[in-house]
Amino acid sequence: EQENFEYFKSYLKRPEEFFQKYIGIQVQNYCLDGSRRLEKLLDSSLNNLYQNILSAVSVSTQIVKDRKDREDKVSLWLDEFCRELTEVINLPRSDLKGIEHQEEVTDIEFLSRAMAEALADLRKRLMKEFPGADLSSFPRQPHTILAEHFSGCWAQCPFCGAICTNTMQDHDADHQLVFHRPRALMGTTWHGTDQLVIDICSSLVTSNLKFRFDNGKWIPYKRYRDAGPPASTWKILPDSSMQAYWKWFVSHFRKQLEALYNAKFQGKGEIPEAWGRITKQEALSELD
Ligand SMILES: [Zn+2]
Ligand SMILES: [Zn+2]
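Taking an unreviewed UniProt entry as the reference, the protein chain is identified by name as GVIN1 GTPase belonging to Urocynchramus pylzowi.

What follows is the structure in structure tokens.
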């Protein structure tokens with residue numbers, strides 16, 4: 001359980017970094033676990049490539065063989081070969097200039113056989129490396145691509161630290177989210193006490209209470225936008241419903257939270273008994 005709480009701490013402190021890391025671990029596990037998906041993927045990609053190149057070799061040979069009119073058969077063969085492969089690999093014709101000028105290469109059948117043999121060898125050599133392959137050989141890391149795909153706005157609610165649910169970065173409209181969390185998760189205490197605030201921002205904004213950030217001015221929650229940015233860039237709709245998950249979380253990790261923030265769930269921060277009766281199962285099922 002302590003371990004789970006450590007996860008939570010890094011999620012709270014740096015949600016974006018946590019998300020990146022989390023996806024990285026998931027991708028690693030997915031690709032490299034017992035079913036060896038990465039190895040199989042490399043294997044099938046190589047096989048595809050191999051078959052395509054092999055067929056390009058044979059197609060070019062067929063075409064060139066029938067061209068009785070041409071003397072420069074090798075050069076013609078290489079033209080065809082590259083053309084055949086344009087959609088498969090990036091193989092500039094100029095890279096093959098060297099072959100063209102090797103004097104011993106005049107016989108097309110010979111060239112075709114030599115190519116096929118060399119290919120088979122190369123394939124074998126590459127396949128030997130696959131069992132030890134990891135994700136580092138990708139020019140762009142798969143988890144980075146995935147994370148970019150899924151990432152949206154990372155703004156955190158200035159009161160509870162929950163993340164804006166907008167899927168666009170730098171969106172125009174105000175930041176917004178559906179479920180705010182107890183402010184205690186960010187370590188907020190009632191003024192002049194060490195009692196944690198278990199209320200959520202969306203119900204605080206309907207109250208007659210006041211708040212202040214970093215010893216700034218006291219501002220009524222109802223006019224939280226007066227605090228200026230970042231609070232003024234948030235649209236916090238009045239809503240008193242709190243997810244069962246956070247009720248469970250606060251009562252389950254009560255001790256860890258108290259230790260983390262050096263504060264207590266006492267007095268105004270007393271955790272309602274009902275929260276303690278929520279099971280982990282109930283808490284998680286709500287998140288599905
Ligand atoms: Zn909030
Ligand atoms: Zn946002």
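Having put the structure on the table, let's press on.
S.K.: Describe in detail the pattern of salt bridges, supporting the description with residues and values.
M.R.: For side chains bearing opposite charge, pairing can occur when the charged atoms are close. Here the structure, examined in full by the defined rule, presents twelve salt bridges. We note a salt bridge from D79 to R93, for which the minimum N-O separation is 2.6 Å. On the criterion of sequence distance, the pair formed by D79 in helix 4 (residues 73-85) and R93 in the loop between helix 4 and helix 5 (97-100) is long-range, its members being 14 residues apart. D79 gets classed as partly exposed once you look at its relative accessible area, which sits at 30%. When the shortest N-O distance is used, the salt bridge between R83 and E80 registers 2.7 Å. Of this pair, R83 and E80 both sit in helix 4, three residues apart, which is roughly one turn of that helix.

S.K.: Give me the lowdown on the coordination of the zinc ion (ligand 1), citing residues and values where you can.
M.R.: Protein coordination at the zinc ion (ligand 1): the donors are C157 (SG), C160 (SG), H180 (ND1) and C201 (SG), at 2.0 to 2.3 Å from the metal. Angles of 102 to 115° at the metal separate the four donor atoms of the zinc ion (ligand 1), which places the site in the tetrahedral class. Written as a sequence motif, the donor residues of the zinc ion (ligand 1) are C-x2-C-x19-H-x20-C. Of this pair, H180 sits in the loop between helix 7 (142-150) and helix 8 (201-204) while C201 sits in helix 8; the two residues are 21 residues apart in sequence, bridging distant segments of the chain. For the residue pair H180 and C201, the accessibility class agrees, reading buried in each case.

S.K.: Outline the packing of aromatic side chains, listing residues and values.
M.R.: This model, assessed by the stated rule, comprises 24 aromatic pairs. Centre to centre, the rings of F8 and Y11 are 6.4 Å apart; their planes meet at 50°, and the pair counts as tilted. On the criterion of helical spacing, the pair formed by F8 and Y11 is a turn pair, its members being three residues apart in helix 1 (residues 2-13). Relative to F213, the ring of F159 lies with its centre 5.3 Å away and its plane at 35°, an arrangement referred to as tilted. Of this pair, F159 sits in the loop between helix 7 and helix 8 while F213 sits in the loop between strand 1 (210-211) and strand 2 (219-220), and the two are 54 residues apart along the sequence. Residue classification places F159 among the buried positions, given a relative accessible area of 1%. Of the residues examined, F213 reaches a relative accessible area of 28% and is grouped as partly exposed.

S.K.: Which residues make up the coordination of the zinc ion (ligand 2), and what values do they have?
M.R.: Around the zinc ion (ligand 2), the protein supplies C153 (SG), C164 (SG), H171 (NE2) and H175 (ND1) as donor atoms, at distances of 2.0 to 2.3 Å. Considering all four donor atoms around the zinc ion (ligand 2), the spread of angles at the metal, 97 to 121°, places the coordination shape in the tetrahedral class. One chain supplies every donor to the zinc ion (ligand 2), and in sequence these donors are spaced C-x10-C-x6-H-x3-H. This pair shows no difference in class: H171 is buried, exactly as H175 is.

S.K.: Report on the domain arrangement of the protein chain, specifying residues and quantitative values.
M.R.: For the protein chain, the domain assignment lists domain 1 (1-151) and domain 2 (183-285). With eight residues of domain 1 at the interface, the matching set in domain 2 holds ten residues. Regarding the contact of domain 1 and domain 2, the summed buried area is about 790 Å², with carbon and sulfur atoms giving 75% of it. Where domain 1 meets domain 2, there are zero residue pairs in polar contact (both at pLDDT 80 or more).

What counts and what doesn't
Residues numbered from 1 in each chain as written. Chains lettered and ligands numbered in written order. Predicted model: local features only at pLDDT ≥ 70, side-chain atom pairs only at ≥ 80, totals over all residues. Heavy atoms only, no water. Salt bridge = Lys/Arg side-chain N within 4 Å of Asp/Glu carboxyl O. Helix = DSSP H or I, 4+ residues; strand = E, 2+ residues; numbered from the N terminus. Buried < 20%, exposed > 50% of the residue type's maximum accessible area, 1.4 Å probe, protein only. Donors = N, O, S within 2.8 Å, 3.2 Å for Na, K, Ca; no water. Tetrahedral: all angles 85-135°; square planar, octahedral: opposite > 155°, others 65-115°. Phe/Tyr/Trp six-rings, centres within 6.5 Å; stacked < 30°, edge-to-face > 60°. Domains from an automatic or database assignment. Contact = heavy atoms within 4.5 Å. Buried area = accessible area lost by both parts, 1.4 Å probe. Polar contact = N/O pair within 3.5 Å; in protein donor to acceptor, adjacent residues only side chain to side chain.

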